[in-house]
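Structure assessment
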Amino acid sequence: MTIIYITSPYTIGDVAANVAVQMDAAHRILDAGHCPVAPLLSHYLHIHRQRPYRDWVEMDLALIPKMDVVLRLPGESKGADGEVALAKALGIRVVYGWTELWETLA
């Protein structure tokens with residue numbers, strides 16, 4: 001089972017729609033038999049008890065070294081770009097979109 005980190009926009013645009021994009025992606029990855037990591041689910045932790053934005057960023061960056069693949073979904077995002085940069089620096093494969101992900105997993 002491949003562990004796949006999903007990175008995509010959060011604060012630009014409709015936050016709820018952005019979270020839904022990651023949830024849909026997580027289900028798609030689960031349906032394919034792999035393990036998704038959807039960091040935007042921390043949105044619900046933040047609703048329950050707010051924390052500084054930096055806490056969420058640090059938590060997300062701590063996950064990246066443990067991933068097999070990072071899936072970068074479309075949309076402008078400094079945070080997602082930072083996650084991609086870290087993954088690349090660590091030698092973790094970064095894929096851009098579903099076609100590239102499925103080819104990587106084949």
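This report concerns the structure included in the present document. Every chain is numbered on its own, with residues counted from 1 as its sequence reads. This being a predicted model, a pLDDT of at least 70 is required before a residue's local features are given, and a value of 80 or more before pairs of side-chain atoms are given or counted; all residues contribute to the totals for chains, interfaces and linings. Excluding hydrogens and water, the side-chain figures rest on all heavy atoms present in the structure.

1. A closer look at the sheet that holds strand β4 (residues 93-96)
- What the 4 strands build is an open sheet, ordered β2-β1-β3-β4; its pairing is parallel. The open sheet terminates on both sides in strands that have one partner only, identified here as β2 (35-37) and β4. Strand-to-strand twist in this sheet, taken as the mean axis angle between neighbours without regard to direction, amounts to 30°.
- Think of it this way: DSSP has to see at least two bridges between two strands before they count as a pair. Where helices and strands are cited, they refer to DSSP runs of H or I of at least four residues and of E of at least two residues respectively, numbered from the N terminus. Relative to β2, strand β1 (residues 3-7) is paired through 3 bridges, and the arrangement is parallel. Paired with Ile3 across the two strands is Cys35, which belongs to β2.
- Whether two residues are in contact is decided by their heavy atoms, any of which lying within 4.5 Å being enough. Interaxial angle, 0 to 180 degrees, is taken between N-to-C directions of lines fitted to C-alpha atoms, where a helix line uses only the stretch in contact. Packed onto the sheet, helix α1 (residues 15-31) meets β1, β2 and β3 (69-72) and runs at close to 160° relative to β1.

2. Re the pairing of β3
- Side chains Val69 and Leu71 of β3 all project onto a buried face; the interleaved residues Val70 and Arg72 project onto the opposite face, where all are buried too.
- Inspection of the sheet shows β1 paired to β3 by 4 bridges, in the parallel sense. Among the inter-strand pairings, Tyr5 is bridged to a residue of β3, identified as Val70.
- Two elements, β3 and β4, share 4 bridges in a ladder whose sense is parallel. Counted as the bridge partner of Val70 is Val94 from β4. Under the scheme applied here, a residue whose accessible area is under 20% of the maximum for its type counts as buried, over 50% as exposed, and between as partly exposed, the area being computed with a 1.4 Å probe on protein chains only.

3. Observations regarding the side chain of Gln22
- Residue placement: Gln22 occurs in helix α1.
- Among the polar contacts listed, one links the side chain of Gln22 to the backbone oxygen of Ile6, at a separation of 3.1 Å.
- Leave out the neighbours within four places in its chain, and Gln22 touches Ile6, Thr7, Ser8, Ala38, Pro39 and Leu40. What qualifies as a polar contact is a pair of N or O atoms within 3.5 Å, subject to a donor-acceptor requirement within protein and to the restriction that residues adjacent in sequence count only when both atoms come from side chains.

Fair warning: the whole summary comes from geometry, so function is off the table for now.
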